[in-house]
Amino acid sequence: MIQIRSETPQDIAAIHAVNAASFPQEDEANLVDELRKQGALTVSLVAERERQIVGHIAFSPMTIEGADSHFKAVGLAPVAVLPEYQRQGIGIKLVTAGIDACRDLGFDLMFLLGHTEYYPRFGFVPAVPLGYQSIYTPGEGDHPYFMVLPLQQEIKMQGGSVYYHPAFESLG
Ligand SMILES: CC(C)(COP(=O)(O)OP(=O)(O)OC[C@H]1O[C@@H](n2cnc3c(N)ncnc32)[C@H](O)[C@@H]1OP(=O)(O)O)[C@@H](O)C(=O)NCCC(=O)NCCS
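Keep in mind that this is a model prediction, so the values were computed, not measured. (Residues numbered from 1 in each chain as written. Predicted model: local features only at pLDDT ≥ 70, side-chain atom pairs only at ≥ 80, totals over all residues. Heavy atoms only, no water.)

Engineer: What is the right way to look at the packing of aromatic side chains in this model?
Structural biologist: Any aromatic ring pair is given by two values, namely how distant the centres are and how the planes are angled relative to each other. Under the criterion given, the structure shown has eight aromatic pairs. Both rings, one in Tyr-118 and one in Tyr-119, keep their centres 5.0 Å apart while their planes meet at 90°; by these two values the pair is edge-to-face. Ring centres 4.6 Å apart and planes at 45° place the aromatic pair Tyr-164 and Phe-168 in the tilted group. The pair Tyr-164 / Phe-168 is uniform in exposure class, with both members buried. Members of the aromatic cluster, joined through ring pairs, are Tyr-118, Tyr-119, Phe-122 and Phe-124. (Phe/Tyr/Trp six-rings, centres within 6.5 Å; stacked < 30°, edge-to-face > 60°. Buried < 20%, exposed > 50% of the residue type's maximum accessible area, 1.4 Å probe, protein only.)

Here is the structure:
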């Protein structure tokens, strides 16, 4: 039985371990610690199975410059499930619960950089054709892995330059 819940201070070491074990490098684990230190972990959820943390997802505030600067935006990153528990639906549970939590907090738009086959199921669509740019989408091209999801009804997306929290600059 998998339970999705918000992180508590007792989970911090296990969250670091889950991210370190799920990604090839420790950057994502360090990023989560840095976001927490800077008060920028808007939403941080764990997947718990028999009292073990087997998955984690983090969301942090973003800023938009340009037409959509009035929107409250949040970034999904990172999401991780321990290798031995992947492909059992835990990632889907984490993303779904995270979207609901950010919507409840009043965010308008959610952005992410991710697998183009994985995220459309949640409603994410490529952001560049909608007029959004980021430092991760240089030059021409659709950069389909940079995606956006409107979280509220009647969001009219007009585009803009989208910035992750400064803690992301520590990413290697
Ligand atoms: C990406 C990740 C969080 C997905 O979690 P998960 O619990 O394995 O995924 P789920 O079981 O909920 O989702 C299963 C579905 O996603 C698909 N899927 C899982 N990992 C995928 C990947 N890396 N690329 C494409 N599709 C993937 C599966 O094929 C499956 O689709 P289907 O049901 O249509 O067959 C997990 O694989 C992971 O931690 N990977 C390493 C870290 C990472 O890359 N994180 C994402 C970047 S921030």
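From this point, the narrative continues.
Engineer: Would you mind going over the site of the ligand with me for this structure?
Structural biologist: Taken together, 16 residues surround the ligand, and among them Val-81, Arg-87, Gly-89, Gly-91 and Ile-92 come closest. At 3.4 Å from an oxygen atom of the ligand is found a side-chain nitrogen or oxygen belonging to Gln-86. Taking Tyr-118, its side chain carries an N or O atom lying 3.4 Å from an oxygen atom of the ligand. Coverage of the ligand by the protein chains reaches 73% of its 880 Å² of free accessible surface. If you list the elements that add at least two residues to the shell around the ligand, you get β4 (73-81) and α3 (90-104). (Near = heavy atom within 4 Å. Polar contact = N/O pair within 3.5 Å; in protein donor to acceptor, adjacent residues only side chain to side chain. Areas by Shrake-Rupley, 256 points an atom, 1.4 Å probe, with all protein chains shown as cover. Helix = DSSP H or I, 4+ residues; strand = E, 2+ residues; numbered from the N terminus.)

Engineer: What's the story with unusual backbone geometry in this structure? I'm lost.
Structural biologist: Of all residues except glycine, most have a negative phi; of all peptide bonds, most are trans. Pro-78 follows Ala-77 through a cis peptide bond whose omega is -15°. On the secondary structure map, Pro-78 appears in strand β4. Its identity as a non-glycine residue notwithstanding, Glu-50 has a phi of 45°, on the positive side. The residue Glu-50 is located in the loop between β2 (43-49) and β3 (52-65) in this model. Note on Glu-50: relative accessible area 64%, which makes it exposed. Residues other than glycine seldom take positive phi values, yet Glu-154 does so here, at roughly 60°. Mapped onto the elements of the fold, Glu-154 is located in the loop between β8 (146-150) and β9 (160-163).

Engineer: Please clarify how α3 should be interpreted in this entry.
Structural biologist: Residues that lie three or four places apart on an α-helix share one face, since the helix turns once every 3.6 residues. Over its 15 residues, α3 extends 21 Å from the first C-alpha to the last, a length consistent with the 21 Å expected when each residue adds 1.5 Å. Those residues of α3 hidden inside the fold are in contact with β1 (2-6), β2, β3, β4, β5 (109-113) and β8. The first or second residue beyond α3 is Gly-106, which carries a positive phi of 95°. (Expected span 1.5 Å × (residues − 1). Contact = heavy atoms within 4.5 Å.)

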